[in-house]
Every structure is written in C-alpha cells, then in structure tokens.
Amino acid sequence: MIPASTVTPNTWEFLRDAMIAPTGFREYDARWKYPEEINLPGMTALGLGLGTQMHLRGIAPVIAVGNDYRDYSLSIKNALMLGLMQAGIKVLDIGPALSPMAYFAQFHLDAPAVAMVTASHNPNGWTGVKMGFERPLTHGPEEMAELKSIVLEGRGQPRPGGAYEFAPGVREAYLDDLVGDFRMSRPLKVVCATGNGTASAFAPELFARMGVEVVPSHNELDYTFPHYNPNPEAMEMLHDMADAVRASGADFALGFDGDGDRCGVVDNEGEEIFADKMGVIMARDFARLHPGSTFVADVKSTGLFASDPELLAHGAKSDYWKTGHSHMKRRVKELGALAGFEKSGHYFLAEPVGRGYDCGLRVAVEICKLMDRNPEKSMADLRRALPMTWATPTMSPYCADLEKYEVLERLVAKLVAQHEANMPLAGRKIAQVVTVNGARVILDNGSWGLVRASSNTPNLVVVCESSESEAEMRAIFADIDAVIRTEPSVGEYDQTI
C-alpha cells in the first residue's frame, strides 16, 4: 500500500493508515516531526521498506535496533520493528542506546544491519532513524533514495521468517570496549555535560572507569530537556559548559548530544574549542604516534588540516570532503584514513584507534589519553599551540526543505561567477571556490567562507574563518551573507556573530 503524504493527527486514518511526509528522507538518514509528519503505521511501513531493501541487496536478514531516550522513541521503535519483522527480518533489540552503541552492536552481535531510532541533536518533537548495512558505514544518498522509493511507492514486500529477540548486555560490552584497561596516570577533573539526554546513562560511568573525577552537569535522565536541548554545537550548551568549568576549576568540559555520536569541548579557561580545532589538536597527537597518516575534514572545518606545520612535519595528509556523518564515514574508509573530523562534533576514529564510526564517548576516551600523554600541558596550552585563526560558529539561516537545494544551486553559481569575474570578497582576491558540498570560497591568504544546505533541517549552513583577524572574519561573513540575501526565501539565522 502506498503511504499517504500528509499526516493529520486525531483522525480515524491517522491510527489506521501509513502516512509519511516525503521530506523526511534526508541525504544520509531519516527525520520527521512526530506526529505532524509521520504516524506509527508510517514507521511500520518504513520498517517494511528497510527490510525489503535488505533482501534486495542480499543482506542477511538480521538487524540490531536501538532507541534514544525520548518519551516517544520506544513507540517509534516498536512500530519500526513490527515492519522489519513483517519483511522477514530477525530483530535484535538492544534497548535504549546511544547511536554509537547501536553501531558497536553490529560488531558485538555480528549483525549485518543496524537501525537506530533517534532524533539525534534535533529538539523534542523530532524523530528519525539512522541505518546501515555495511559496518561501520550508514546509508548514504544512494541508499536513502532507494529506500525512499521502496517506501513511498508501496513496494515493501512482506515475507515469512521475521522474529524478535532482546539482546542483553550490549551497554556493558560497549563501555568495556571503550575503556579497556586504560586508567589515567595524571589527575584529571572533567565537567561531564549531557543535557539530560541519553548520554547521561553512559558518560559519567565512562569517566569514572578511567579514574577521571567527574563534575556532573545535567546528568539526570530527563526527556523533557529542562535546561537546554543537548547539542554541543549550540552556544547555549557550550556557554553552560564554560560556566561549569570556571565554577569548578575543572581541567576541561566535554559535552554530548542527544544520541551521543558528537562531542563538544571547553578548555580549562572556559574557551570553547570548536570540533574542527579540537580535531587538529588530536590529529597532531595521532600524527606523532602514526606518521604519514591521512586525515579527512569536512568542508565546514578549519584550513589548518592542510597548513598546520606540526601536521606537515609528521607527513600528515589532509582531505576536505562533504559534510555529513555518512559521507565522512565512507570517505575515511575509502581513503584508509586514520581519522575524520567534522566541525559539528562528529569524529570518525578508525583502526587502530576506533572502529570508523562516529562516537562521542570514543572521542572522550581519546582526549583523556591525549592529556595523559601530555601531563605537563593543559587543554588551553594545546589550544594556544595551534596557529591562530578566527572562526564563526555554525550559523543556520532558515530555508524550506523543498527550496533549499535550488536556492543553494543559485548561490553557488553566483559565488563561482564572482570568482570568474575576478571580483574580491572581504577585500581580497578569491583563490578558489570548492563546490564539493555547497561553495567554500577560499581567499588568497587561506581564509574562507562556506555556504551549503543542511542535510537534516530546513536551513542553509554558513561558516567563515580568517587566518588574519576577527575583522576579516566578520567581513567574509558580511560579504557571503550579502550574496545569501539576494535570495528572498532565506530567513533568519538561528545564531550569528
């Protein structure tokens, strides 16, 4: 049966018929407002479609399934599992989980596929599914397009053989895998910020196992998120982490998003270290241990991966790639890179450090190990050792899902035309416009500005960085924003400088 494309809660059909807004199928996962954009029968249709896709691709019919800590996630997961079982799939239910715990379950349970019910860092009212077949990868645009067509065209195929089994002990095995036998040899005091989200059930215990003193920050599970939505890219959470560091005298703060696949860092002086800069700090440490390594960075990230003298001295190679956890995981695997770093706080640590998927808690462990290897240095020392640049936070002006890609196409064309016409930006010559994911306008001194479309929300994304000064950073933003403002359908920013 073909699902209806509109969802009207509190109707007879809402409880009976599958309804799915097509816009919920994103580039590398699925996200909807619930119940405005999908109902429970719609989630069952999604499960039937995902199971059908497994059969079409020759994937053995076994899948690990988890859910984040939101009041409606269990209902969503049950509806999804019902559809998977209708498709003849054996479901291994790992219970409430972080997304990286679900990815770990693929390895731990030897499951060919994974589906994680989560809204990630989106606010309450959103739900979605992150899914993958080829560990440690998750669906990319091709797989998502195929799944969308199966589901929306009603091509889900019921089959016999579906089954349900609860898989106990995955949480404990996940924590064991993260920590191993590592214990800190230097005293370390860390603010653990979880925003009352799912990571509250994991992160404090993780630090305690390593011998780290924990300063708790909103570590009680509460799916109403009474303080703020757990998102370590949002300044609200970062500022709260900074206040906790200053009040407690902690060595630094680590914050985790709603499904635990991202990590945010605030140093001992209360300075927020954006994830791309933290990535350079970690890459420096990894490059010393593993000379000649390749590091992948997303197009929103600092230019230091390509220019940092320390990385170059250890033969490190850099690769700038498309933003998005699925794109980055795939690129890290494809290049055999040691790690990938995304400005949003996703880190992809591959063998021998990690398993290649994004895990905020793995990052926390590796940051603690880094500090253990540098006992005479503070986090602020490591930050100050980097070449100075001035960068904006990630800024997201509203642009409707149905319009954003066409709007972006026009903006990219305008910026490319500006380059080809030899017109300056922020008073400097444009050296290059990289269009692998939106437009990254690189100036002749290495400073840059980026505009791309968000893969998850109805927004564009803007980031700017100057190697010269804060004034130049602001000038880059002003000139990029002036081009953006030629598109009347682009709305207000969520945050700005």
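Keep in mind it's a predicted model, so treat the numbers as computed, not measured. (Residues numbered from 1 in each chain as written. Predicted model: local features only at pLDDT ≥ 70, side-chain atom pairs only at ≥ 80, totals over all residues. Heavy atoms only, no water.)

S.K.: Can you break down the sheet that holds strand S1 (residues 30-33) residue by residue, with the values?
M.R.: Pairing within the open sheet is mixed, and its 6 strands lie in the order S1-S5-S4-S2-S3-S6. Each edge of the sheet is formed by a strand with only one pairing partner; in this case those strands are S1 and strand S6 (163-166). The average angle at which neighbouring strand axes cross in this sheet is 20 degrees, direction not considered. In this sheet, strand S5 (residues 126-132) lies alongside S1 in antiparallel orientation, the contact comprising 4 bridges. Bridged to Lys 33 within S5 is Trp 126. Each of S1, strand S2 (62-67), strand S4 (113-117) and S5 is contacted by helix H2 (residues 40-56), which is oriented at about 10 degrees to S5, the strand it contacts most. Its contacts with the sheet place helix H3 (residues 73-86) against S2, strand S3 (90-96), S4, S5 and S6, and it is angled at close to 170 degrees to S2. (Pairing = 2+ DSSP bridges. Helix = DSSP H or I, 4+ residues; strand = E, 2+ residues; numbered from the N terminus. Axes fitted to C-alpha atoms, helices over the stretch in contact; angles between N-to-C directions. Contact = heavy atoms within 4.5 Å.)

S.K.: Please give an account of the packing of aromatic side chains that cites residues and values.
M.R.: By the definition in use, this model includes 12 aromatic pairs. Taken together, a centroid distance of 6.1 Å and an interplanar angle of 45 degrees make the contact between Phe 107 and Tyr 357 tilted. Placement of the pair is Phe 107 in helix H4 (residues 99-108) and Tyr 357 in the loop between strand S15 (347-349) and helix H13 (360-373), with a sequence separation of 250 residues. Owing to a relative accessible area of 25%, Phe 107 belongs among the partly exposed residues under this scheme. Ring geometry for Phe 207 versus Phe 256: centroids 6.5 Å apart, planes at 45 degrees, classification tilted. In this pair, Phe 207 is assigned in helix H7 (residues 203-210) and Phe 256 in strand S9 (residues 252-256), connecting sequence segments 49 residues apart. Lys 369 extends its terminal NZ or CZ atom over the ring of Phe 182, reaching a point 5.6 Å from the ring centre. Stacked on the ring of Trp 448, the Lys or Arg Arg 440 has its end atom at 3.7 Å from the ring centre. (Phe/Tyr/Trp six-rings, centres within 6.5 Å; stacked < 30°, edge-to-face > 60°. Buried < 20%, exposed > 50% of the residue type's maximum accessible area, 1.4 Å probe, protein only. Lys NZ or Arg CZ within 6 Å of the ring centre and 35° of its normal.)

S.K.: Can you explain the pattern of salt bridges? Please cite residues and give values.
M.R.: A side chain of one charge can pair with a side chain of the opposite charge if their charged atoms are brought near each other. All told, the structure shown has 44 salt bridges when counted by the stated rule. In this structure, Asp 308 and Arg 284 form a salt bridge, with 2.8 Å as the shortest nitrogen-oxygen distance. Placement of Asp 308 in the loop between helix H10 (304-307) and helix H11 (309-313) and of Arg 284 in helix H9 (residues 275-289) is noted, with a sequence separation of 24 residues between them. When the shortest N-O distance is used, the salt bridge between Arg 485 and Asp 481 registers 3.3 Å. In this structure Asp 481 comes out as buried when scored by relative accessible area, which is 17%. Among the charged side chains, a network of salt bridges with common partners joins Arg 171, Glu 172, Asp 176, Glu 205 and Arg 209. (Salt bridge = Lys/Arg side-chain N within 4 Å of Asp/Glu carboxyl O.)

S.K.: I'd like a description of the nonpolar core, backed by residues and values.
M.R.: Soluble, globular proteins show a tendency: their nonpolar side chains are buried together. Counting residues in each nonpolar core, the largest one holds 71 residues, and the members touching the most others are Phe 207, Leu 254, Met 282, Phe 295, Tyr 347, Leu 361 and Ile 367. Counting residues in hydrophobic clusters, the runner-up holds 36 residues, among them Trp 32, Ala 45, Met 54 and Leu 84. (Core = buried A, V, L, I, M, F, W, Y, C linked by side-chain atoms within 4.5 Å.)

S.K.: Go over the pairing of S5 with me, naming the residues and quoting the values.
M.R.: Looking along a regular strand, one sees the side chains alternate between the two faces of the sheet. Taken across its 7 residues, S5 has 7 buried, putting it largely inside the fold. Side-chain alternation along S5 places Trp 126, Gly 128, Lys 130 and Gly 132 on one buried face and Thr 127, Val 129 and Met 131 on a second face that is also buried. Direction of pairing for S4 relative to S5: antiparallel, over a ladder of 4 bridges. Along S5, the bridge assignment pairs Val 117 with Val 129.

S.K.: Break down the side chain of Ser 293 for me, citing the residues and quoting the values.
M.R.: Its place among the elements puts Ser 293 in the loop between H9 and strand S12 (294-298). A polar side-chain atom of Ser 293 sits 2.5 Å from the main-chain carbonyl oxygen of His 290. For Ser 293, the contacting residues outside a window of four places in its chain are Gly 315, Ala 316, Lys 317 and Leu 338. (Polar contact = N/O pair within 3.5 Å; in protein donor to acceptor, adjacent residues only side chain to side chain.)

S.K.: Can you explain the packing of H2 against H3? Please cite residues and give values.
M.R.: Viewed as axis vectors pointing N to C, H2 and H3 meet at an angle of 40 degrees, and their least axial separation amounts to 6 Å. Considering their axes alone, H2 and H3 lie oblique with respect to each other. As H2 packs across H3, the resulting crossing turns out to be right-handed. Residues Leu 40, Met 43, Thr 44, Leu 46, Gly 47, Leu 48, Leu 50 and Gly 51 of H2 form the contact with H3, whose participating residues are Ser 75, Ile 76, Ala 79, Leu 80, Leu 82, Gly 83, Leu 84 and Gln 86. By residue class, the composition of the contact of H2 with H3 is 10 nonpolar, 6 polar and no charged. (Parallel < 35°, antiparallel > 145°, perpendicular 65-115°, else oblique. Left-handed = near helix turned anticlockwise from the far one by under 90°. Nonpolar A, V, L, I, M, F, W, Y, C, P; charged D, E, K, R; others polar.)

S.K.: Pulling in residues and values, what's your account of the UniProt feature "domain: Alpha-D-phosphohexomutase alpha/beta/alpha" (unreviewed entry) in the chain?
M.R.: Here, the residues flagged by UniProt with the feature "domain: Alpha-D-phosphohexomutase alpha/beta/alpha" (unreviewed entry) are residues 24-153, 173-270 and 276-386. Spanning residues 173-270, this segment combines 30% helix with 20% strand, and its end C-alpha atoms are found 34 Å apart. (UniProt positions renumbered as here; feature names shortened; annotations may be inferred.)

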